[in-house]
Each structure stands twice: as structure tokens, then as C-alpha cells.
Amino acid sequence: MKEKRILVIGGAGYIGSHFTYYATGAGCHVTVVDNLSKGHLSALRGNAFFRADLNDPAVILEHLSDNHYDGIFHFAASCLVGESMSDPAHYYQNNILAPFNMLEAMRATRHDKIVFSSSCAVYGAPRTLPLKEGHPKDPISPYGRTKLAIEWMLEDYGRAYGIRSASLRYFNAAGCEPSEGLGEDHRPETHLIPNAVRYALKLDDRFAIFGNDYPTPDGTCVRDYIHVMDLAEAHLIALEKLAEASLIRLNLGTGSGFSNLEIVQAVSRVAKMELRPEIGPRRPGDPPELVADASESFDFLGWRPVRSQLDAIISEVWKWISDNPAGYPE
Ligand SMILES: NC(=O)c1ccc[n+]([C@@H]2O[C@H](COP(=O)([O-])OP(=O)(O)OC[C@H]3O[C@@H](n4cnc5c(N)ncnc54)[C@H](O)[C@@H]3O)[C@@H](O)[C@H]2O)c1
């Protein structure tokens, strides 16, 4: 098979850097674009890199005019649900106008395949569980709305301009590749597993979970955790599948949910100490339960999550944070 040349936009971030590592190992020739607003130079593994902001249409147009890629992977977004509620303008700017610039540059330069990081946030509060791809889309945060808007834009660009797209709706990405020095380093970190681990390692003084009065078995939110390298594998398969299907929309999850308290118990097991989180108020935009019906992606991609066991995920996060208590150096 010919070596694929791919562009990874947002490749210095958490999921993009793990994908870049995976795709390089799978024989792709990878170029990373990132504005480093949230990403880390130290998460790059010697791939070609250029610093650019998708909000600047001329830069991405020039790059795509000078280079040809077999596929473009778009991970670059702002992704804090709470922040999107208080500052929606930033989300409409960075999650809609910036990718619009990219799509226009793709159209002008005849790049016709894109894999897009969508989210289970497109569904809003579930009416039925587990969530199937056909579930009504009624996002309850500006973040979720921006993801749905891009899915719609991709559908329209496919119909009118022949751009083939895969929108992959991730549930909760988790885990890392500590042996490669790759981890999760969001600033601020809002994800439960790294925050629980940081607290257990005494790197943070406080640790809270948000709400214990949800209509779930133990009152805390339930989420579906999928390993970041399982996500990475599904992305490359999705690119292959774009040869036969022009519009793909799939859930990427495991089909199993864990409550926030179950996560705390699992981190307590790995830490060999009992963690007692504070119980904070509910966070706006947090549905009680988000669990995927991932059978369509299993069937269509011929893929299964193989690394998404909870205790293994937590042990990896523990290792990476222990090795990098201050996060990436740059
Ligand atoms: N982390 C999750 O659990 C999760 C779940 C569902 C969907 N997603 C989606 O997956 C994608 C990646 O998430 P992540 O957790 O790796 O986030 P991240 O913040 O770690 O990575 C995003 C990267 O994009 C870069 N970026 C942002 N705006 C840019 C711009 N305008 N131009 C160039 N680069 C830009 C950032 O610097 C960062 O490196 C996002 O689109 C997110 O919405 C993530």
C-alpha cells in the first residue's frame, strides 16, 4: 500500500498527538498543524510541524495549495462545555468559523477527505439509552451545537462539492501512552480521571465531582470511557472507508458506562487509598448519562476498542502524571 500523506490539525493536543503517534507507526507520513493555544510542542514526536491558526484563512489555503494530502484530520477545537456556556462567541469563532476556513481551503485545493472530531454532545440529554447514531440531535451547550453545525456543514459540502467526510462522535476519551511520553495535559483539566489521579498523588489539594442527585443508580453522572489509542485506530480505518462511503457518522464508545463514583473507586483501587471527593453543584450542560451504542461503528469499521479497560486506563494515567507532575515541559 502506498504511504499515505495526512495532515493532522490540532495534532499537538491530547487526542491529536496520540493519533499522530499511532498513524506514524501505521506508516503514514504525518504533518501536524496546531496554533499551540492548548497543545504542547513536547507532545510532537518528530513529525513535520508548522504552527498556524485556522482562524487565518490565508495560511491554511497556502499550505494546502503547496501540499497534497490523502486525508485531513481535524482535532482542533475549543472543548470545554462550561466555558462554551459562558463564552459562546469564542466557540462559534473557533469551532465553526475556523473549520469553515479549512473546508474552504480544501474546496479550493481539491482536497476531498476529512475525518472530523465530533462528540456525543451533539445528542443533548438522551431520550433513550444507549445512544444510537439516529437519536435526535438536540445539543444543550454551545459546544455541542458547534459540533453539530460542522456535521451539517460537512453534509452540505459533500453534496455540493464532493468533500467526503467522517464525523466521529467520541464519548469520553481517556488513557494515554506513558511509555512514549504521551499523556493528557489540558489546562485547565476538567476530566475526572486525571483530576482524581492528581489528587491521589497529592498534586492538587482539592478534588470535586459535580452533582450527586442525578437520576442514575448512585446519583452521579455516568460516562462511556474510550481509550485514546482505540480512537486513533478507528480514525485511520475511517479514512480508508471514505473510499467507499462519502458521508460517515459514527459513535466511538465502548457501550459501557461508569458513574463518577465508580471512577473514584477505581482510582482509589489503583492508588491503594480511599479518595473522598467533594460534592460540588451540577455543571451546566452535563446530561446524567452518556453511553454509546457503538454497534454501528463496530460493524462498519470492523473495529473494536481493545484498550479501554478502566483499571488499565487509570494505571497509565497514574504513570504519566507521576512521570510528568507539571505536565509537558512546553
Ligand atoms: N477529550 C475528549 O474526551 C473529547 C470528547 C469528544 C470530542 N472531543 C473532540 O476531540 C478534539 C480533540 O480534543 P482534545 O481533548 O485532544 O483537545 P485539546 O485541546 O487537547 O486539543 C486541541 C488542539 O487543537 C489546537 N487548536 C485549537 N484551536 C485551533 C486553531 N484555531 N488552529 C489551530 N489549532 C488549534 C489546540 O492548540 C490543541 O492542540 C476536539 O475537537 C474535541 O472537541 C474530545
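Throughout this description, residue numbers start from 1 for each chain and increase along the sequence as written. In keeping with the model being predicted, local features are shown solely for residues with a pLDDT of at least 70 and side-chain atom pairs are shown and tallied solely at 80 or more, while totals for entire chains, interfaces and linings include all residues. Side-chain numbers come from the whole structure's heavy atoms, not from hydrogens or water.

- Named according to an unreviewed UniProt entry, the protein chain is UDP-glucose 4-epimerase originating from Desulfomonile tiedjei.
- UniProt positions are given in the numbering used here, feature names are shortened, and annotations may be inferred rather than shown by experiment. According to the UniProt record, the Catalytic activity (unreviewed entry) comment for the protein chain is "UDP-alpha-D-glucose = UDP-alpha-D-galactose".

Let's talk about the sheet that holds strand β14 (residues 289-290)
Stage number 1. If DSSP finds at least two bridges between two strands, the strands pair. Numbering of helices and strands runs from the N terminus; a helix is a DSSP stretch of H or I covering at least four residues, while a strand is a stretch of E covering at least two. Taken in spatial order, the three strands make up an open sheet running β12-β9-β14, and their pairing is mixed. Each end of this open sheet is capped by a strand with a single partner; those strands are β12 (258-259) and β14.
Stage number 2. As paired elements, strand β9 (residues 222-223) and β14 share two bridges and run parallel to each other. By the bridge assignment for β14, R223 is matched with L290.

A short note on the pattern of salt bridges
Side-chain pairing between opposite charges can occur once the charged atoms of the two side chains come close.
Stage number 1. Salt bridges are identified by distance alone: a Lys or Arg side-chain nitrogen within 4 Å of an Asp or Glu carboxyl oxygen. Overall, the coordinates contain 22 salt bridges when judged by the stated rule.
Stage number 2. When the shortest N-O distance is used, the salt bridge between D112 and K113 registers 3.8 Å.
Stage number 3. Here E155 and R159 are joined by a salt bridge, their closest N and O atoms 3.2 Å apart. A residue pair is termed a helical-turn pair when its members lie 3 or 4 positions apart in one helix, as E155 and R159 do in helix α5 (residues 142-161) at four residues.
Stage number 4. Through salt bridges with shared partners, a single network forms among E151, E155, D156, R159, R169 and R249.

Observations concerning the packing of aromatic side chains
Any two aromatic rings considered together are summarised by their centre-to-centre distance and by the angle between their planes.
Stage number 1. Any two of the Phe, Tyr and Trp rings considered here, Trp counted by its six-membered ring, make a pair once their centres fall within 6.5 Å; the pair's planes then place it as stacked at under 30 degrees, edge-to-face at over 60, or tilted in between. Counted under the stated rule, the structure contains six aromatic pairs.
Stage number 2. Note on F19 and F73: the rings are 4.5 Å apart at their centroids and 35° apart in plane angle, and the pair reads as tilted. Of the two residues, F19 sits in helix α1 (residues 14-25) while F73 sits in strand β4 (residues 71-74), which places them 54 residues apart along the sequence.
Stage number 3. Classification of F19 by relative accessible area gives buried; the value is 1%.
Stage number 4. Buried means the residue's accessible area, taken with a 1.4 Å probe over protein chains only, is under 20% of the maximum for its type, while exposed means over 50%, and partly exposed covers the values in between. Under the relative-accessibility criterion, F73 is labelled buried at 0%.
Stage number 5. Every member of this aromatic cluster is reached through a ring pair, and the members are F19, F73 and F75.
Stage number 6. The rule for a charge over a ring is simple: NZ of Lys or CZ of Arg within 6 Å of the ring centre, and within 35 degrees of the ring normal. The positively charged end of K241 is found above the aromatic ring belonging to F300, 5.5 Å away from the centroid.
Stage number 7. Taking NZ or CZ as reference, R282 lies 4.0 Å from the ring centre of Y214, over its face.

Observations concerning the site of the ligand
Stage number 1. Any residue with a heavy atom positioned within 4 Å of a molecule or strand is treated as near that molecule or strand. The ligand sits among 31 residues. The nearest are I15, D34, N94, Y143 and K147.
Stage number 2. Counting of polar contacts relies on pairs of N or O atoms within 3.5 Å, with two restrictions inside protein: one atom must be capable of donating a hydrogen and the other of accepting it, and residues adjacent in sequence are counted only when both atoms are side-chain atoms. Measuring from a nitrogen atom of the ligand, one finds a backbone N or O atom of N35 at 3.1 Å.
Stage number 3. Residue L54 places a main-chain N or O atom 3.1 Å away from a nitrogen atom belonging to the ligand.
Stage number 4. Contact with the protein chains covers 96% of the free accessible surface of the ligand, which is 830 Å².
Stage number 5. With three residues, the single largest contributor to the shell around the ligand is strand β5 (residues 113-119).
Stage number 6. We call Asp, Glu, Lys and Arg charged. Ala, Val, Leu, Ile, Met, Phe, Trp, Tyr, Cys and Pro are nonpolar, and the rest, Gly among them, are polar. A class-by-class count of the residues in the shell around the ligand yields 14 nonpolar, 13 polar and four charged. All accessible areas in this document rest on Shrake-Rupley with a 1.4 Å probe, and a residue is counted as covered only by the protein chains that are shown.

Some details on the UniProt feature "domain: NAD-dependent epimerase/dehydratase" (unreviewed entry) in the protein chain
Stage number 1. The feature "domain: NAD-dependent epimerase/dehydratase" (unreviewed entry), as annotated in UniProt, sits at residues 6-244 in this numbering.
Stage number 2. As annotated, residues 6-244 comprises 39% helix and 18% strand, and the C-alpha atoms at either end are separated by 18 Å.

Some details on the sheet that holds β5
Stage number 1. Read across the sheet, seven strands follow the order β3-β2-β1-β4-β5-β6-β11 without closing on themselves; strand pairing throughout is parallel. The open sheet has two edge strands, β3 (48-51) and β11 (247-252), and neither has a second partner. Between one strand axis and the next, the sheet turns by 20° as a mean value, whatever way the strands run.
Stage number 2. Of the pairings in the sheet, the one linking β5 to strand β6 (residues 164-170) comprises seven bridges and is parallel in character. Each bridged residue has a counterpart across the sheet, and for S118 the counterpart in β6 is R169.
Stage number 3. Should any heavy atoms of two residues lie within 4.5 Å, those residues are counted as being in contact. In this analysis, axes come from line fits to C-alpha atoms, helices being fitted only over the stretch in contact, and the angle between any two N-to-C directions falls in the range 0 to 180 degrees. Here α1 sits on the sheet in contact with β1 (5-9), β2 (29-34), β4 and β6, set at roughly 165° to β1.
Stage number 4. Against the sheet, helix α4 (residues 88-109) makes contact with β1, β4 and β5, and its axis sits at roughly 175° relative to β4, the strand it touches most.

Some remarks on the domain arrangement of the protein chain
Stage number 1. Taken as a whole, the protein chain is organised into domain 1 (5-174 + 225-252) and domain 2 (178-223 + 255-294 + 307-323).
Stage number 2. Throughout, the edges of the domains are those of an automatic or database domain assignment. Each of domain 1 and domain 2 has a C-alpha centre, and these two points are 24 Å apart.
Stage number 3. Every contact between the two is made by 30 residues of domain 1 and, on the other side, 30 residues of domain 2.
Stage number 4. Buried area is a sum: the accessible area each of two parts loses on coming together, probed at 1.4 Å, counted once for each and added. Buried area between domain 1 and domain 2, summed over both chains or domains, comes out near 2700 Å², and the portion from carbon and sulfur atoms is 62%.
Stage number 5. The three residues of domain 1 that bury the most area against domain 2 are Y14, Y225 and H227, which together make up 26% of that side's buried surface.
Stage number 6. At the junction of domain 1 and domain 2, the tally comes to one salt bridge.

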